[in-house]
Amino acid sequence: IISFYLSGLEHNSGFKLTLPIIRRILAGVIYGDLIMLLSNQTRPYEIKKGETDKLIKKWVIDISKQFRAKKGYSFSQMKANFTKVIDSFSSIKLKKEIKTKVGIVGEIYVKYARFANNSLEKFLADENCEVMVPGLMGFLMFKVDARVQDYLIYGGSKVKYFAAKTLLGYLEKIEKAFMEAVDNSRFTQLSSYADTKPLVNGLIGLGNRMGEGWFLPAEMIELIKHGYENIVCTQPFGCLPTHICGKGMIHKIKEMYPDSNIVPVDYDTGATKVNQENRIKLMLSVAREKTEV
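Below or above, wherever it landed, is the structure these notes cover. Since the structure is predicted, the reported quantities are computational estimates derived from the model, not experimental observations.

## Section: unusual backbone geometry
Thinking step 1. Located in the positive-phi region is Asn118, a residue other than glycine, with phi close to 55°.
Thinking step 2. Along the polypeptide, Asn118 turns up in the loop between α4 (108–112) and α5 (120–126).
Thinking step 3. Located in the positive-phi region is Asn128, a residue other than glycine, with phi close to 65°.
Thinking step 4. Looking at the secondary structure, you find Asn128 in the loop between α5 and β2 (129–132).

## Observations concerning the environment of Ser74
Thinking step 1. Note that Ser74 resides in the loop between α2 (51–68) and α3 (75–90).
Thinking step 2. Overall, the relative accessible area of 19% leaves Ser74 in the buried class.
Thinking step 3. When the C-alpha atoms of Ser74 and Ser285 are compared, they prove to be 46 Å apart, with 211 residues separating the residues in sequence.
Thinking step 4. For Ser74, the side chain forms a polar contact with the side chain of Gln77, separated by 3.0 Å.

## Structural notes on the state of the cysteines
Thinking step 1. Under the counting rule described, the total for this entry stands at 0 disulfides.
Thinking step 2. For the unlinked cysteine Cys245, the closest cysteine sulfur is that of Cys239, found at 9.0 Å.
Thinking step 3. With a relative accessible area of 2%, Cys245 lands in the buried category.

## Overview of the packing of aromatic side chains
Thinking step 1. What the rule picks out here adds up to 12 aromatic pairs.
Thinking step 2. Considering the side-chain rings of Phe139 and Phe142, the 6.0 Å spacing of their centres and the 45° angle between planes classify their relative orientation as tilted. Note that Phe139 and Phe142 are positioned in helix α6 (residues 136–154) at a spacing of 3 residues, about one turn of the helix. Like Phe142, Phe139 is buried.
Thinking step 3. Relative to Trp214, the ring of Tyr193 lies with its centre 5.9 Å away and its plane at 45°, an arrangement referred to as tilted. Of this pair, Tyr193 sits in helix α8 (residues 193–196) while Trp214 is found in the loop between α8 and α9 (215–225), placing the two residues 21 residues apart along the sequence. Each of the two residues, Tyr193 as well as Trp214, counts as buried.
Thinking step 4. An aromatic cluster is defined as three or more aromatic residues linked by ring pairs; in this entry it consists of Tyr31, Phe67, Tyr73, Phe82 and Phe178.
Thinking step 5. The ring of Trp59 has Lys58 sitting right over it, with the charged end atom 3.9 Å from the ring centre.

## With respect to the pattern of salt bridges
Thinking step 1. Summed over the entire model, instances satisfying the criterion amount to 9 salt bridges.
Thinking step 2. Among the ionic pairs, Arg43 bridges to Asp53, the shortest N-O distance being 3.0 Å. Here Asp53 lies in helix α2 and Arg43 lies in the loop between α1 (19–42) and α2, a separation of 10 residues in the sequence.
Thinking step 3. Taking the relative accessible area as the measure of exposure, Arg43 reaches 28% and is therefore partly exposed.
Thinking step 4. A salt bridge links Asp150 to Arg209; the shortest N-O distance between them is 2.7 Å. On the criterion of sequence distance, the pair formed by Asp150 in helix α6 and Arg209 in the loop between α8 and α9 is long-range, its members being 59 residues apart.
Thinking step 5. Look at Asp150 and you get buried, because its relative accessible area is 16%.
Thinking step 6. Overall, the relative accessible area of 26% leaves Arg209 in the partly exposed class.
Thinking step 7. Several salt bridges converge on common partners, so that one network encompasses Lys95, Glu97 and Lys99.

Rules and cut-offs
- Residues numbered from 1 in each chain as written.
- Predicted model: local features only at pLDDT ≥ 70, side-chain atom pairs only at ≥ 80, totals over all residues.
- Heavy atoms only, no water.
- Helix = DSSP H or I, 4+ residues; strand = E, 2+ residues; numbered from the N terminus.
- Buried < 20%, exposed > 50% of the residue type's maximum accessible area, 1.4 Å probe, protein only.
- Polar contact = N/O pair within 3.5 Å; in protein donor to acceptor, adjacent residues only side chain to side chain.
- Disulfide = S-S within 2.5 Å.
- Phe/Tyr/Trp six-rings, centres within 6.5 Å; stacked < 30°, edge-to-face > 60°.
- Lys NZ or Arg CZ within 6 Å of the ring centre and 35° of its normal.
- Salt bridge = Lys/Arg side-chain N within 4 Å of Asp/Glu carboxyl O.

Following this line, the structure appears as structure tokens:
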């Protein structure tokens with residue numbers, strides 16, 4: 001296990017993060033976000049079943065080959081790849097069908113790992129839903145920006161502040177290219193990282209960065225604003241920051257956005273899968289009632 005704990009408390013013998021490795025990691029994250037975004041809006045509607053998954057496999061192999069050849073992670077190469085990936089997914093023929101739109105937020109591991117959330121995305125797909133999962137790049141930007149906010153609010157090292165500002169600027173540059181490419185397609189995307197900050201004004205402070213911090217309720221609000229009013233907030237049992245910043249914010253968010261339909265779900269070895277799925281089914285039944293009305 002390689003830890004990316006940046007505060008110096010853990011060291012990985014025999015492994016060093018070099019600049020080329022960091023660039024490949026960041027490129028891998030943004031490619032993964034793009035493929036996830038496109039496939040989640042394609043797979044539920046594809047006429048020819050399995051076409052989306054074949055395309056995912058193709059791009060994973062292709063981009064992996066580029067990385068091995070020391071290509072695909074420069075800014076210009078990423079921009080070119082964004083367009084190619086989007087064009088390929090745009091060629092998939094889709095059915096015109098109305099499905100329940102559901103967003104997934106929560107603690108970073110439980111949110112993305114199907115092992116941790118009992119294959120939540122598959123369950124929602126089987127329930128005839130279209131799923132939107134915010135990308136990992138936004139969370140990385142939140143963690144880098146946390147160092148900037150720490151300095152602005154509490155003071156500290158100017159060196160760390162300027163290093164964090166520089167890295168955040170690079171991530172924003174990649175994010176902008178990503179969003180511009182998606183804007184020129186038929187696909188829906190969520191807000192830029194910078195645009196999520198005003199969403200939590202009056203709700204939670206930007207200095208709150210434990211766990212997913214203010215970014216968790218911000219993700220819920222941006223999902224609501226983009227038409228994904230039905231939200232599953234995934235939480236590991238006993239994670240106090242996630243319960244405060246996630247479950248603890250739901251009541252206020254519902255006051256701000258009365259049409260929102262949010263269910264917090266605890267994922268723990270002591271929680272049964274049947275109970276988790278029943279809670280989600282109840283949320284979906286409320287969503288379908290609203291659609292029928």
